[in-house]
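Next come the chains, spelled out residue by residue.
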Amino acid sequence: EQVAPKGHFHPHSVTADSRQVIAVQLEQGGSTGSLVGLPLHPEGKPERIAHGGFYGSLSTDGRWLAYTADTTGDQEIWVRAYPGPGAPIRVSPNGGAEPVWARNGRELYYLEGKQMMAVAIDTSKGFNFRPAVPLFETSHFRGTQPPSYDVTADGRFVLLKPQANTQQPITVILNWTAMLRPAAETAH
């Protein structure tokens, strides 16, 4: 069932109540976009969360949204109450991309260049955080759609190894319907 209006959307997170998807809506040409909340019903209209947003990740309790946006002119990691109210808070002082929450909600990870960074989070009384600390350097494969990594419940990182030759051949199959006939004949 189609729930998004016409447009170019990249979904990233689903709210805890399963009523909304956090997505990037690319604008004409695909070079800029906005982070939007997209209601999961056919009449839903996207609600802009951040112009210039590239990726959004909801905390496990669904109360906080971490996202990448170029509000300052550089890609930075921002966190805001979700669905609000409240002003966004920048947690990356030197740029950042691809925020991913720890399953326990007490840490937020992101990439700063090739460094994996960790931010200690305390949400018991609002949103409080400690300065980011580097965990390790990585040269893992980063595709065009974030996130390029994940973190397991026990804190281990899952990353794709880089390949020496990332160019894969394109295979075009002509007359593919003829390949279905023998399979259909043996099924009878």
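Going by the structure above, here's the rest.
Residues numbered from 1 in each chain as written. Predicted model: local features only at pLDDT ≥ 70, side-chain atom pairs only at ≥ 80, totals over all residues. Heavy atoms only, no water.

(A) Examining the overall build of the protein more closely. The helix and strand inventory of the protein stands at one helix and 15 strands. Considering the protein as a whole, with its 188 residues, one finds that 36% of them fall into the buried category. Across the protein, contacts joining residues at least 24 apart in sequence account for 31% of those joining residues at least 6 apart. When the accessible surface of the protein is totalled, it reaches about 11800 Å², and 53% of it is carbon and sulfur. (Helix = DSSP H or I, 4+ residues; strand = E, 2+ residues; numbered from the N terminus. Buried < 20%, exposed > 50% of the residue type's maximum accessible area, 1.4 Å probe, protein only. Contact = heavy atoms within 4.5 Å. Areas by Shrake-Rupley, 256 points an atom, 1.4 Å probe, with all protein chains shown as cover.)

(B) Layout of the nonpolar core. Residues Trp64, Val79, Val91, Trp101, Leu108, Ile121 and Phe127 are the most contacted members of the largest nonpolar core, which totals 13 residues. Among the elements of the structure, strand 6 (64–69), strand 7 (76–81), strand 10 (107–112) and strand 11 (115–122) are those that each provide at least two residues to this core. Sequence-distant contacts of Trp101, that is, excluding residues within four places in its chain, are made with Ser57, Leu58, Ser59, Trp64, Ala66, Val79, Glu107, Leu108, Ile121 and Phe127. Listed in part, the 11 residues of the second largest apolar core include Ile49, Ala50, Leu65 and Trp78. (Core = buried A, V, L, I, M, F, W, Y, C linked by side-chain atoms within 4.5 Å.)

(C) Structural view of the pattern of salt bridges. In this structure the tally under the stated criterion is four salt bridges. Across the pair Asp61 and Arg63 runs a salt bridge whose closest N-O atoms are separated by 3.5 Å. Residue Asp61 is classed as partly exposed on the basis of its relative accessible area of 39%. One salt bridge in this structure joins Arg90 and Glu76, with 3.8 Å as the shortest N-O distance. Of the two residues, Arg90 is situated in strand 8 (residues 89–90) and Glu76 in strand 7; the sequence distance between them amounts to 14 residues. (Salt bridge = Lys/Arg side-chain N within 4 Å of Asp/Glu carboxyl O.)

(D) Representation of the layout of surface pockets. What the second largest pocket holds in volume is close to 180 Å³. Forming the boundary of the second largest pocket are 13 residues, of which Ser57, Val100, Trp101, Arg103 and Asp150 lie nearest the centre. Breaking the lining of the second largest pocket down by element, the ones donating at least two residues are strand 1 (8–14), strand 5 (53–58), strand 9 (97–101) and strand 14 (149–151). The biggest single contributor to the lining of the second largest pocket is strand 5, with three residues. Across the lining of the second largest pocket, the residue classes break down as six nonpolar, five polar and two charged. (1 Å grid on protein atoms, 1.4 Å probe; cavity = no way out; pocket = protein on both sides within 12 Å on 5 of 7 lines; lining within 4 Å. Points joined across faces, edges and corners; volume = space filled by probe spheres on them. Nonpolar A, V, L, I, M, F, W, Y, C, P; charged D, E, K, R; others polar.)

(E) Looking closely at the packing of aromatic side chains. Tallied over the entire structure, the rule returns five aromatic pairs. Ring centres 5.1 Å apart and planes at 45° place the aromatic pair Trp64 and Phe127 in the tilted group. Note that Trp64 is positioned in strand 6 and Phe127 in the loop between strand 11 and strand 12 (128–129), a separation of 63 residues in sequence. A single burial state applies to Trp64 and to Phe127, both of which are buried. (Phe/Tyr/Trp six-rings, centres within 6.5 Å; stacked < 30°, edge-to-face > 60°.)

(F) Focus on the side chain of Glu98. Within the element layout of this structure, Glu98 appears in strand 9. Residue classification places Glu98 among the buried positions, given a relative accessible area of 6%. Separated by 2.6 Å, the side chain of Glu98 and the backbone nitrogen of Ser148 make a polar contact. Apart from the residues lying within four places of it in its own chain, the contact partners of Glu98 are Tyr55, Thr68, Ile77, Tyr109, Tyr110, Leu111, Arg142, Pro146, Pro147, Ser148 and Tyr149. (Polar contact = N/O pair within 3.5 Å; in protein donor to acceptor, adjacent residues only side chain to side chain.)

(G) Inspection of the sheet that holds strand 7 at higher detail. As summarised here, the arrangement of the four strands in space is 5-6-7-8, forming an open sheet in which the pairing is antiparallel. Edge positions in the open sheet fall to strand 5 and strand 8, since each of these has one partner strand only. Two strands pair when backbone bridges link them, and strand 5 and strand 6 are joined in this way by five bridges, in the antiparallel orientation. In the strand pairing of strand 6, Gly56 is matched with Tyr67. (Pairing = 2+ DSSP bridges.)

(H) How the structure looks around a nonpolar patch on the surface. A contiguous nonpolar patch, built from Ile173, Trp176, Met179 and Leu180 and spanning about 470 Å² of accessible area, is present on the exposed surface. Counting through the fold element by element, Met179 comes out in helix 1 (residues 177–187). Relative accessible area serves as the criterion here: at 54%, Met179 is assigned to the exposed category. (Patch = residues over 30% accessible without salt bridge, like charges linked within 9 Å, V, L, I, M, F, W, Y side chains within 5 Å.)

Remember, this is a structural readout, not a statement about activity or role.
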